[in-house]
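Observations on the three-dimensional arrangement
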Amino acid sequence: MADNTVEKTEAVENGQKKSFFKSIIGAREFSLFLIIVVFCILLTLTQPVFATWLNIKTLLVSMSTTGMCVIAMAVVMLTGGIDLSVGSLMCLTMAISSLLFKGGMNPWVASLIGIVAGTFVGWIQGMIITKIKLIHFIVTMCFMGIARGYVTYITGGTPISLVAKLAESPTFTKMGQGDVLGNIPLPIIIFVIVVIFADFMLRRSAIMRQFFYTGSNEKAAAYSGIKTDRVKIAAMMISGFFCGVGGVIYMVRFSGVPVSAGSGLEMTAIAACVIGGVSMNGGRGTIFGSILGLAFMTLITNALNLFMVTPTVQELVRYIIVLVAVIVDNVQQNARQKKLA
Amino acid sequence: MSENVLELRGLSKSFGTNQVLFDVDFSLRPGEVHAIIGENGAGKSTMMNITYGLVKPNSGEIYVNGEKVVINDPNDAQRHGICFVHQEIALCQDMSIAQNVFMTRVKNMKSASIDYKKLNEEAQALVDSIVPGIDVKASVDSLNIAGQQVVEIAKALSTDCKILILDEPTSSLSGKETEALYKIMRDLKAKGIGIVYISHRLSEIFEQCDRVSVLRDGYMINTYEVSAVDAAQLVNDMAGREIHNIFPPKATDVDYTEDNVMLEIKNFNNAHFFKNVNFKLYKGEVLGFSGLIGAGRSEIMEAVVGLRKTEPGSEVIYEGKNIISQPTRKTYQSGLVYLSEDRKSTGLFLEMGIHQNTSSMHLETVCDGALINSRKEQEQAKKFITALRTKCASPTQPVNSLSGGNQQKVMFSKLLTQKPKIVIADEPTRGIDVGAKSELHGLLRGLANEGTGVIIVSSELNEIVGMCDRVLVMYEGEIVAEVKGSDVDSTKIMHYASGAYRLEAKN
């Protein structure tokens, strides 16, 4: 008995001294990262077009708007919920911003109002989820339709073009269309900064840690003194905020708003999060992982395009690959759990 | 050979490099209750999980009625008449009790439609035979833990059961319910069913069991006829060391004057759970709350820390202020902390690390400003792992890979990361082994000696009697008695907790 304790205590010491390098290799994201690297190498070897800056740039720019919704989704999923309204909400914020912009408002102010509107809709959803105690799925599904429907209503179903307006505000336009450091589009830079910041905050901030506690075991979180309702509302607001940011960048990048912008995005976001290791039950996952998940999804789409797979079968192939990826990951996780137990 | 209904020979099992069972033999005769005791992590559950087909052994053989059998999954086990009532409740919460009781049978049913009338009648008869008065048409989540345990047992009995494995069946039952369970066990024995009884309560073994086997660190240490062994011997075998004083010495000189009151509860009312509750906690004492499950003890404590609502007029006086409407977080930060009763559902973040669980109640203790310092967080976890002798491989290990006793230690570390002024410990040692139990008792007494107010809510009479300087007994939501000092004994407490005093008053 006594010997046993000593032994275990030593094990604790050793566990502590696990090297930084080892902890990176051990991280869940690492295997996904490796897969992506291998995937990229294979693509480069078979499709030389892939490795051109033009192609990479296009992929990264598309990721930089979609990625905002993935962050939004990840934050809500961590608290044990799901947010089906991310795509529609992105479209709603950009519609609001661009209409205000078109109506003569300063574009920065218009964008800010759009983002605030997104955050506000997040708050409303959060309030309904916590105070009326409806589940995320139902509430966000309704708001998916409500937001999309409202956009159709205020735009009359026709796309909004901002080409003329954007020409008048070059500084603002630069945010979505400008390049820095020679040839890197600014949205990519903004996106990278946002990802690093969000990932850091989720790992380290005491407030964000409460999201994990709430997602992992809501009751235990409440018994530990965490205001779980507030956490869930905050998550929905953060989600709305990031949808808003994504919407504004999208708006500038594409000089306007197609009414269908961001439709189906919620599914891409959920898939990206799940591939990236965010638990559907909440309490587990990282922003970095879910963005890698998005990169994986984006690469598949790109590969299908490069290999000229007809669009009619693309979705079929894409989601079969997603399913396989999730299954493989799950098997790996179970093996790891067994090792621990 | 065939005199044994179940025989395990040479079972060994390792998880990775960690061997948890070493060449274990075990036998069970028909109509006997054979207890398996041992500390958490001794291998009891693994042994029974192998028998039930949940875990595959590395080597070893299983014989049922003298015939060698291969058990690959619980279906095989059930076919051989082996039933397992787990310690943890595993029921479909939204479905009716009857549907749960006959889950196994419904699964195996050939006809397409279920005769619910018949199902309900049979389930009612079965449940009534255990504890009368439960409506089987109600959904499982309307029952408390004890009630759910009854459903678990009824579920096991609904199949053709020859070998019944009970894993700590009484850990969440109160006295009356435990008695009912003993009666069922005696009935089953009379029918020739062999019962494997896993328990931590030595008293139960002497009352209810025929033989007892002791496991320690994966080895079968000894098997005795219960009539030929005493408690000291069993404790010795289990721990591998002598435990002389199971409970730490009590306080000798508690100052019961107004100046020494740390916490006062006044006019506490809640429409469903308790009425007119008033009590004071004095510095240096361990105050016990005894009573049957459902008497309202936990609910009061939850209300004290703001986790449950009370009627207007209820007061909690702490440090000179009424904190009744204060948010829980603030109460915790001010040093009044609550250890919740059920570690799995309301205590721990199971898939998160020990370190993240330890820090969860007082996150600010590991923060630099608004950011968590993960080095500090792991240091903190390590500190408590060492202090409470938590058995684990690393401070970042997920808590669901720990045994019950070690999980409970993580629960305690949560409370202790900031030095508490008052600790309310609800079922502080439920379902954990003797060694961990006495360590946690020592810890609680140590806190009291240092001037921390300690309240223990417990369904284990032994624990209440052994630990508490003063005991408040609850019956149906009211405090019905106070016993103090040398008057604290189990008969007296039981007299009030069981409601027996009311019968006397009537006569």
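Residues numbered from 1 in each chain as written. Chains lettered and ligands numbered in written order. Predicted model: local features only at pLDDT ≥ 70, side-chain atom pairs only at ≥ 80, totals over all residues.

**So, the overall build of chain A**
Within chain A one finds 16 helices and four strands. Relative to the compact-globule value of 20 Å for 341 residues, chain A shows a C-alpha radius of gyration of 22 Å, a close match. Burial status across chain A gives 44% buried among its 341 residues. Looking at chain A alone, contacts between residues at least 24 apart form 76% of all its contacts between residues at least 6 apart. (Helix = DSSP H or I, 4+ residues; strand = E, 2+ residues; numbered from the N terminus. Rg over C-alpha atoms; globule rule 2.2 N^0.38 Å. Buried ≥ 20, exposed ≤ 12 C-beta atoms within 10 Å, placed from the backbone. Contact = placed C-beta atoms within 7 Å.)

**Examining the overall build of chain B**
Of regular secondary structure, chain B possesses 19 helices and 22 strands. Here the C-alpha radius of gyration of chain B, 24 Å, is about what a compact globule of 507 residues would show, namely 23 Å. Its C-alpha atoms give chain B principal-axis dimensions of about 70 × 60 × 50 Å. Relative to all contacts within chain B whose residues are 6 or more apart in sequence, the contacts with residues 24 or more apart total 69%.

**Observations concerning the packing of helix α6 (residues 107-131) of chain A against helix α7 (residues 136-155) of chain A**
Residues and elements named next belong to chain A. The contact between α6 and α7 brings their axes to 9 Å, and the two run at 145°. Two packed elements cross with a definite hand, and for α6 against α7 that hand is right-handed. Facing Val121, Gln125, Ile128 and Ile129 of α6, the residues of α7 in contact are His136, Val139, Thr140, Phe143 and Ala147. Grouping the amino acids of the contact of α6 with α7 by side-chain chemistry returns six nonpolar, three polar and no charged. (Axes fitted to C-alpha atoms, helices over the stretch in contact; angles between N-to-C directions. Left-handed = near helix turned anticlockwise from the far one by under 90°. Nonpolar A, V, L, I, M, F, W, Y, C, P; charged D, E, K, R; others polar.)

**Comments concerning the packing of helix α4 (residues 53-78) of chain A against helix α5 (residues 86-102) of chain A**
Residues and elements named next belong to chain A. At a minimum axis distance of 10 Å, the contact between α4 and α5 shows a crossing angle of 130°. Between α4 and α5, the angle falls in the class oblique. The way α4 lies across α5 gives a crossing that is right-handed. From α4, Cys69, Ala72 and Met73 reach across to α5, where they touch Val86, Gly87 and Met90. By residue class, the composition of the contact of α4 with α5 is five nonpolar, one polar and no charged. (Parallel < 35°, antiparallel > 145°, perpendicular 65-115°, else oblique.)

**Side note on helix α16 (residues 434-449) of chain B**
Residue and element names in this part refer to chain B. With 16 residues, α16 extends 22 Å from end C-alpha to end C-alpha; this agrees with the ideal 22 Å at 1.5 Å per step. All of the buried residues along α16 are Val434, Gly435, Ala436, Lys437, Glu439, Leu440, His441, Leu443, Leu444, Leu447 and Ala448. Looking one or two places after α16, you find Gly451, whose phi comes out positive at around 100°. (Expected span 1.5 Å × (residues − 1).)

**Regarding unusual backbone geometry**
All names here are of chain B. Although it is not a glycine, Arg389 sits at a positive phi angle of roughly 50°. Along the polypeptide, Arg389 turns up in the loop between α14 (374-387) and α15 (404-416). Taking the C-beta count within 10 Å as the criterion, Arg389 has 16 such neighbours and is therefore assigned partly exposed. Located in the positive-phi region is Glu476, a residue other than glycine, with phi close to 45°. Of note, Glu476 is situated in the loop between β21 (470-475) and β22 (478-484).

**A word on the domain arrangement of chain B**
Under the domain assignment used here, chain B contains domain 1 (6-239), domain 2 (245-335 + 422-507) and domain 3 (344-418). The distance between the C-alpha centroids of domain 1 of chain B and domain 2 of chain B comes to 33 Å. (Domains from an automatic or database assignment.)

**As for the nonpolar core**
A:Cys69 and A:Met73 are the most contacted members of the largest nonpolar core, which totals 159 residues. With 16 residues, helix α13 (residues 228-253) of chain A is the largest single contributor of residues to this core. The residues that make up this core include at least three from each of domain 2 (245-335 + 422-507) and domain 3 (344-418) of chain B. Formed by 66 residues, the second largest nonpolar core is a distinct cluster that contains B:Leu6, B:Ile193, B:Ile195 and B:Met238. (Core = buried A, V, L, I, M, F, W, Y, C linked by C-beta atoms within 7 Å.)

**Let's talk about the sheet that holds strand β8 (residues 194-198) of chain B**
Residues and elements named next belong to chain B. Spatially, the six strands line up as an open sheet ordered β6-β7-β8-β3-β9-β10, and their pairing is mixed. Looking along the sheet, the strands with just one partner apiece sit at the ends: β6 (82-85) and β10 (219-225). Each adjacent strand pair in this sheet contributes to an overall mean axis angle of 20°, direction not counted. Pairing of strand β3 (residues 33-37) with β8 involves four bridges; the strand directions are parallel. Bridge pairing in β8 links Ile36 to Ile198. Lying over the sheet, helix α6 (residues 145-157) contacts β6 and β7 (163-167), oriented at roughly 175° with respect to β6. (Pairing = 2+ DSSP bridges.)

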